[in-house]
Amino acid sequence: MNWLIACSTDGKRTLETTHSHPVAALHGLFADAIVNVLGDEYSGTDPVIRASRNPEFGDFQVNAAMGLGKKTGTPPRDLAQQLVDALDVSAIAEPPDIAGPGFINIRLKTNALIATLEAMSGDGLGISMEHDLHPVVIDLCGVNVAKQMHVGHLRSTIIGDALGRILERRGRTVLRENHLGDWGLPIAMVLRRLLDDGVDLDSLDLTDLDAAYRAAQASARSDDRGMAIVEERRIGPHRVAEMNVVDEDARASRAAAGETLVQLQQGDPDLVAAWEKLIECTMRAVYESLDLLNVSMDASNNRGESFYRKHLPEVVDAFESGGMASEDAGALVVRFDGRDRPMLIRKSDGGFLYATTDLAAVRNRVVHENADRLIYVVDARQRDHFRDVFDAARLAGWGTTPDGHDVDMVHIPFGSVLGADKKPLKTRSGENVTLASLLGEAIDRGRAEVHRRSEDERSPTRDLDKKTLDAIGRAVGIGAVKYADLSNDLVRDYVFDMDRMIAFEGDTGPYLQYAHARMCSILRKVDLNREEWVEAPFLLDEPAERALALRLMQWGDAVEGASIHLEPHRICAFLHELSEDFNGFYQQCPVRQAPEKSIQSARVRLCDLTRRVLADGLDLLGIDAPDTM
Ligand code: ARG
């Protein structure tokens, strides 16, 4: 049900029913009042409604009068008064106040707040749904065969999965696709080497495989300075393979690898079987890490580079025959106006590149999967690559789905994870930190913290067995890492500081998990049966109850904002504020010792609604919410 905005006989805008979101209603009323006062050319003007920072000034502030006053040459306070005179908010709010230079302060009537909480307390929790049947593709994880997952893949996986959960929460179908680096010369190199060394591929683990990969790279390495640049910028194995060789030995091992690649491409059964073993070995370790991260992906999510290998000639043809690509010293390139570097799509030796594969992936996602939103969660250093790929794909006509919808292609660039020295995270011996070791450390720290706390006499976890404590500790450790990864502006680098991340106080995952567990504990301990509170009328007479209610009713907006702007940190910030408001409520409004039963049941219900919203939010972030901590 919606607020119906009707015109009463005196021409004032009024509200007829009171069942949906009061902010939406205020928005409609003020937008109409602006047109009434200033004329039709102001239709569609945003009334600029914001939550008030200080409850003394009401619940919301309407700020449009300032900007409009300037524009129309009316003193803003006068304009504010005219707007207020042109509408009637009495169904949901007290008479508005005009303050300062021309703010309009709105205080909602308690019964309007109650009606809103009532409406959101159903299963949907006030979150609006998107009705778009096109799938959304999220390109995440992006590990490379024969290499350890590193911290960048961790970020890609955590962020990509959270975005997937947020979009799914609003009703979208999400295809999580792992653009595995499983094809090309680097893979052929390591494969050749392992076969030449007679290594038993069945008993291989990822650490050995990773070592063999490096050795194979080293033996094919010639241009050390060029390699150093590639490595320093961590541009990826693809670029490494694309470098020219000058050194003789290196040339020989590359030639051997090149032959292997050709045989592999031709489907040599022994080689294909061996290659599949490398993928299996890599993916076994990847799935273990994904499992620790609560990210459910399996082989069906793999859309590796090899998946597109047969599409590449066709993709290049599309550019060539459409006149969108040109020759450049034997190679084929796509040029863009105003850009220095063209995008290479076929090398002079006929080989294809990382970019060619990405074009094939866009085509597949749009033309075959009919997706109208492609989200690439990849390291910020690949920004130019994606800009070129998206522009080239649009040139080729893949910016529109087969049924005529514009395709939104976005790169979500994320920053690096830094060590305490503000340099990219390294181990003591100077190696890149692997994902497995990082998650291992997080879990150990989470467990140590949970065990330590359980020793306190008053701790609710005091009597839990080791296995249960370990499980909670794991949730805390992983929750800490995930929250730290999601709670900042994604593109910023951040310092990996386990002490700060795992703290139960502050802007951390464990703080939210703990708040959730506390709500569960309050609900467990209260001397009321569920039937006694589950439909009890909300009462919001105390300021702290009111503040909590006002926060809760913004949950839908927070999720909507996160899904539109693809910013999980909006969810983090909301949940943090919600937990703080809850703590304020719990300090000021006794639940078990409430003065009356009706007040008690109303508070229990408010507590339960808060718990559900918090659990919903943690779920969107992919963070476990234990019920005891
Ligand atoms: N494998 C690549 C790397 O490690 C990431 C893949 C990202 N996804 C893509 N569609 N290019 O750098």
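Look up a bit, the structure's there.
Residues numbered from 1 in each chain as written. Predicted model: local features only at pLDDT ≥ 70, side-chain atom pairs only at ≥ 80, totals over all residues. Heavy atoms only, no water.

Chemist: Sorry, what's going on with the overall build of the protein here?
Modeler: Tallying secondary structure elements over the protein gives 23 helices and 15 strands in all. C-alpha atoms of the protein, sized along the principal axes, occupy 85 × 65 × 40 Å. Residues counted as buried form 53% of the 629 residues belonging to the protein. If you take every contact in the protein between residues at least 6 apart in sequence, the share linking residues at least 24 apart comes to 71%. Total accessible area on the protein is roughly 28,500 Å²; 47% of this is exposed by carbon and sulfur atoms. Side-chain charges of the protein comprise 72 positive and 101 negative groups, with the mean position of each set lying 3 Å from the other. (Helix = DSSP H or I, 4+ residues; strand = E, 2+ residues; numbered from the N terminus. Buried < 20%, exposed > 50% of the residue type's maximum accessible area, 1.4 Å probe, protein only. Contact = heavy atoms within 4.5 Å. Areas by Shrake-Rupley, 256 points an atom, 1.4 Å probe, with all protein chains shown as cover. Lys, Arg positive; Asp, Glu negative; His and termini not counted. Charge placed at Lys NZ, Arg CZ, Asp CG, Glu CD.)

Chemist: Got a minute to help me understand the environment of Pro 342 in this structure?
Modeler: Relative to the helices and strands, Pro 342 resides in the loop between strand S10 (331–334) and strand S11 (343–346). In this structure, Pro 342 is in contact with Val 333, Val 334 and Arg 335, ignoring residues within four places of it in sequence.

Chemist: Would you mind showing me how to read the pattern of salt bridges here?
Modeler: Two side chains that carry opposite charge are able to pair once their charged atoms sit near each other. All chains considered together, the criterion is met by 40 salt bridges. Between Glu 532 and Lys 597 there is a salt bridge, and its shortest N-O distance comes to 2.8 Å. Of this pair, Glu 532 sits in helix H19 (residues 530–533) while Lys 597 sits in helix H23 (residues 597–620), placing them 65 residues apart in sequence. What makes Glu 532 partly exposed here is its relative accessible area of 30%. What makes Lys 597 exposed here is its relative accessible area of 52%. Notably, a salt bridge pairs Arg 603 with Glu 545, separated by 2.8 Å at the nearest N-O pair. (Salt bridge = Lys/Arg side-chain N within 4 Å of Asp/Glu carboxyl O.)

Chemist: It is not clear to me how the sheet that holds strand S6 (residues 103–106) should be interpreted in this structure. Could you clarify?
Modeler: Consider a sheet: its strands pair through backbone hydrogen bonds, and that pairing is either parallel or antiparallel. The four strands lie next to each other as S3-S4-S6-S5, forming an open sheet whose pairing is antiparallel. Across the chains shown, the open sheet's two edge strands, defined by having one partner strand only, are strand S3 (49–51) and strand S5 (97–99). Taking each pair of neighbouring strands and ignoring which way they run, the sheet shows an average axis angle of 30°. Across three bridges, the pairing between S5 and S6 is antiparallel. (Pairing = 2+ DSSP bridges. Axes fitted to C-alpha atoms, helices over the stretch in contact; angles between N-to-C directions.)

Chemist: When you look at the site of the ligand in this model, what are you seeing that I'm missing?
Modeler: As a structural note, the neighbourhood of the ligand is formed by twelve residues, with Asp 139, Gly 142, Asn 144, Tyr 354 and Asp 358 the closest of them. The separation between a nitrogen atom of the ligand and a polar main-chain atom of Gly 142 is 2.9 Å. Within the side chain of Tyr 354, a nitrogen or oxygen atom sits 2.8 Å from a nitrogen atom of the ligand. Contact with the protein chains covers 92% of the free accessible surface of the ligand, which is 350 Å². Those elements giving two or more residues to the shell around the ligand turn out to be helix H13 (354–368) and strand S12 (373–379). Class assignment for the residues of the shell around the ligand results in four nonpolar, six polar and two charged. (Near = heavy atom within 4 Å. Polar contact = N/O pair within 3.5 Å; in protein donor to acceptor, adjacent residues only side chain to side chain. Nonpolar A, V, L, I, M, F, W, Y, C, P; charged D, E, K, R; others polar.)

Chemist: Would you mind showing me how to read the packing of aromatic side chains here?
Modeler: Aromatic rings in a pair are described by how distant their centres are and how their planes are angled relative to each other. Scanning all chains against the criterion turns up ten aromatic pairs. Judged by centre distance (5.3 Å) and plane angle (50°), the rings of Tyr 376 and Phe 390 are tilted. Note that Tyr 376 is positioned in strand S12 and Phe 390 in helix H14 (residues 383–395), a separation of 14 residues in sequence. A residue is classified by how much of its surface remains accessible, and Tyr 376, at 1% relative accessible area, is buried. By relative accessible area, Phe 390 is classed as buried at 6%. Put simply, the rings of Tyr 376, Phe 386 and Phe 390 touch in pairs and so form one group of aromatic residues. (Phe/Tyr/Trp six-rings, centres within 6.5 Å; stacked < 30°, edge-to-face > 60°.)

Chemist: What exactly am I supposed to notice about unusual backbone geometry here?
Modeler: Peptide bonds are trans in most cases, and residues, glycine excluded, mostly fall at negative phi. Unusually for a residue other than glycine, Val 48 sits at a positive phi of about 55°. Assignment of secondary structure puts Val 48 in the loop between helix H1 (22–38) and S3. Judged by relative accessible area, which is 24%, Val 48 ranks as partly exposed. A positive phi angle, near 75°, is found at Ala 146, a position not held by glycine. Positionally, Ala 146 belongs in the loop between strand S7 (136–139) and helix H5 (151–169).

So far we have only geometry, and geometry alone does not tell us how the molecule works.
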